[in-house]
Amino acid sequence: MILKKILESKAKIRFQDCDPFNHLNNAAYINYMINAREDQIDKHYDLDIFELANTKGISWVVGTNQIAYLKPALLMEDVIIDSQLIHYTENQLHVEIRMWNHNKTEIKAILWSTFVHFNLLQQKRWNHDKALMALFKSIVHPISSESFEERILDLKPQKV
């Protein structure tokens, strides 16, 4: 079975997540994007990170986030959030998550997250097992941009 490399889902921007201008609050973007990624990997890769934490004592913690806010997401707007694994190592995952308008003609935000594989029982960084490494090998979808700033320019529409 061939697994999708770019995962996609929909979300609606809710009142409680907006600022007084009816824009999605800057901190809420990360919640929407990380929640979408968690749901996507569970649905498409049958990878339930909470079950792994409960049964094996392993999970991932966020090591770093870089986010660019390009256009506001508005109250009650339907958005599309897509994501992909852009790089991995024996104990880290590097994921790009993008938020778009409802028809993917306007990008609203780009998030790069680094997730560190972690053993909750021993409270230390942990290497991925062979099954996880095989999964990551089959789904990784690298990008050509060498920096976050370059990636923003690649995705942002150019004004003529």
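Relevant structure appears above.
Let me sum up the structure you'll find in this document.

Definitions and limits used
- Residues numbered from 1 in each chain as written.
- Predicted model: local features only at pLDDT ≥ 70, side-chain atom pairs only at ≥ 80, totals over all residues.
- Heavy atoms only, no water.
- Polar contact = N/O pair within 3.5 Å; in protein donor to acceptor, adjacent residues only side chain to side chain.
- Helix = DSSP H or I, 4+ residues; strand = E, 2+ residues; numbered from the N terminus.
- Contact = heavy atoms within 4.5 Å.
- 1 Å grid on protein atoms, 1.4 Å probe; cavity = no way out; pocket = protein on both sides within 12 Å on 5 of 7 lines; lining within 4 Å.
- Points joined across faces, edges and corners; volume = space filled by probe spheres on them.
- Nonpolar A, V, L, I, M, F, W, Y, C, P; charged D, E, K, R; others polar.
- Buried < 20%, exposed > 50% of the residue type's maximum accessible area, 1.4 Å probe, protein only.

Measuring from the backbone nitrogen of Phe-50 back to the side-chain oxygen at the start of helix H2 (residues 49-56) gives 3.0 Å, which picks out Asp-48 as the cap. The positive-phi residue at the C-terminal boundary of H2 is Gly-57, with phi of around 75 degrees.

With respect to the helices and strands, the residue Arg-151 is situated in helix H4 (residues 148-155). Those residues in contact with Arg-151 that lie beyond four places of it in its chain are Glu-96, Arg-98, Ile-110, Trp-112, Ile-143 and Ser-145.

Turning next to the layout of surface pockets. Volume-wise, the largest pocket comes out at about 290 Å³. Lining of the largest pocket is provided by 16 residues; of these, Arg-37, Ile-41, Ile-49, Trp-60 and Phe-115 occupy positions nearest its centre. Of all elements in the fold, only helix H1 (26-45), strand S2 (58-69), strand S4 (92-100) and helix H3 (130-139) reach the threshold of two or more residues within the lining of the largest pocket. Ranked by the residues each element gives to the lining of the largest pocket, the list is headed by H1, at five residues. Looking at side-chain class alone, the lining of the largest pocket contains 13 nonpolar, one polar and two charged residues.

What follows deals with unusual backbone geometry. Even without being glycine, Asn-22 reaches a positive phi, approximately 65 degrees. Mapped onto the fold, Asn-22 is located in the loop between strand S1 (7-12) and H1. On the accessibility criterion, Asn-22 (37% relative accessible area) is partly exposed. A positive phi is found at Gln-123, a non-glycine position, where the angle reads about 55 degrees. Mapped onto the fold, Gln-123 is located in the loop between strand S5 (107-119) and strand S6 (124-125).

Let us look at the environment of Gln-40. Relative to the assigned elements, Gln-40 resides in helix H1. The class for Gln-40 is buried, based on a relative accessible area of 2%. Expressed as a C-alpha distance, the spacing of Gln-40 and Ser-83, which sit 43 residues apart in the sequence, is 8.4 Å. Once residues lying within four places of it in the same chain are set aside, the contact partners of Gln-40 are Leu-7, Glu-8, Ser-9, Tyr-45, Ile-81, Asp-82 and Ser-83.

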